[in-house]
Amino acid sequence: MFSLVLPGRLPLSTPQQVDETHCIFPLEDASSIQHVVVFMTGVQPFPPGYSATVHLLWPSTIPSDPSVSASPSGDWKLLGCLRNTKPSAIFKVRSPTTPTPAGGAGLTATLGISIEPDQLVDEQMAKLQTPLSTSTGGVAAMSETTAVDFARKIAKNLFSYLSSYAPDSERQTMPLLQKWLQNLERKLLSQGPSFLDKPTD
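An unreviewed UniProt entry annotates the chain as Hikeshi-like domain-containing protein originating from Ustilago hordei. Here the chain is described in UniProt, under the heading Sequence similarities (unreviewed entry), as follows: "Belongs to the OPI10 family."

See the structure below:
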């Protein structure tokens, strides 16, 4: 029913079935993964009123000794969802830690898929898509598209605020704000919202 593609690797088409509504895909060498493509194979649609949430589990600890397995316990992070009307999705992910080359080479993460009623899926997606929400553990809290829309609203609010102090400054202020917004949108689309966390000189 589900398949998974990691860029540069062969597709994973046989998930491990946990029960009737849950399955998992082990993701080997997970420290090198930046994007995950998950899709329905088309063999079987969701039952009416059901969709699926997609989650990622990183090991809670990464040992420095490569002969020691990483601890599988950790927190499941919601990536997004699949529906009959949206049978595929691309998720951007990153490791919650920066492992050393020796400790991270054999790291295995787990991608889980949970079939749930639409109402529960909608509730989880609403929390995930809240613009100001934050997420630790490797999942970008805000998609690039959402971030760009949010930036435009901030720019509009900022322009209104500045104009209230200097109504005649629109001719000078508007081009500067427009240039700033274009640069911000470009960075959000190319680097994602995480670039805002980088220190500036």
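Q: Just to check I follow, could you spell out the sheet that holds strand β3 (residues 22-27) for this structure?
A: Consider a sheet: its strands pair through backbone hydrogen bonds, and that pairing is either parallel or antiparallel. Across the sheet, five strands lie side by side as β2-β3-β8-β5-β6; this open sheet has antiparallel pairing. Edge strands, defined here as strands with exactly one partner in the open sheet, are β2 (16-19) and β6 (76-82). Direction aside, the axes of adjacent strands within the sheet are offset by 25° on average. Of the pairings in the sheet, the one linking β2 to β3 comprises three bridges and is antiparallel in character. Bridge pairing in β3 links Gln16 to Ile24.

Q: Is there a simple way to think about helix α2 (residues 118-128) in this case?
A: Because an α-helix completes one turn every 3.6 residues, residues spaced three or four positions apart along the sequence face the same direction. Of the positions making up α2, those classed as buried are Val121, Met125 and Leu128. Projected down its long axis, α2 carries its buried residues within an arc of 55°, all on one side. Exposed side chains of α2 directed beyond 90 degrees from the buried face belong to Gln119 and Lys127. Check the buried side of α2 and you find it contacts β5 (50-57), β6 and β8 (109-117).

Q: Sorry if this is basic, but what is going on with the pairing of strand β4 (residues 35-40) here?
A: On a regular strand, one side chain projects to one face of the sheet and the next to the other, so that they alternate. A one-sided burial pattern is seen for β4, the buried positions being Val36, Val38 and Met40 and the unburied ones His35, Val37 and Phe39. Of the pairings in the sheet, the one linking strand β1 (residues 2-5) to β4 comprises four bridges and is antiparallel in character. From the neighbouring strand, Leu4 faces β4, where its bridge partner is Val38. Here β4 runs beside strand β7 (residues 88-92); their pairing, made up of five bridges, is antiparallel. Looking at the pairing, Val36 lines up with Phe91 of β7.

Reading the values: the criteria
Residues numbered from 1 in each chain as written. Predicted model: local features only at pLDDT ≥ 70, side-chain atom pairs only at ≥ 80, totals over all residues. Heavy atoms only, no water. UniProt positions renumbered as here; feature names shortened; annotations may be inferred. Pairing = 2+ DSSP bridges. Helix = DSSP H or I, 4+ residues; strand = E, 2+ residues; numbered from the N terminus. Axes fitted to C-alpha atoms, helices over the stretch in contact; angles between N-to-C directions. Buried < 20%, exposed > 50% of the residue type's maximum accessible area, 1.4 Å probe, protein only. Arc of directions from axis to C-beta. Contact = heavy atoms within 4.5 Å.

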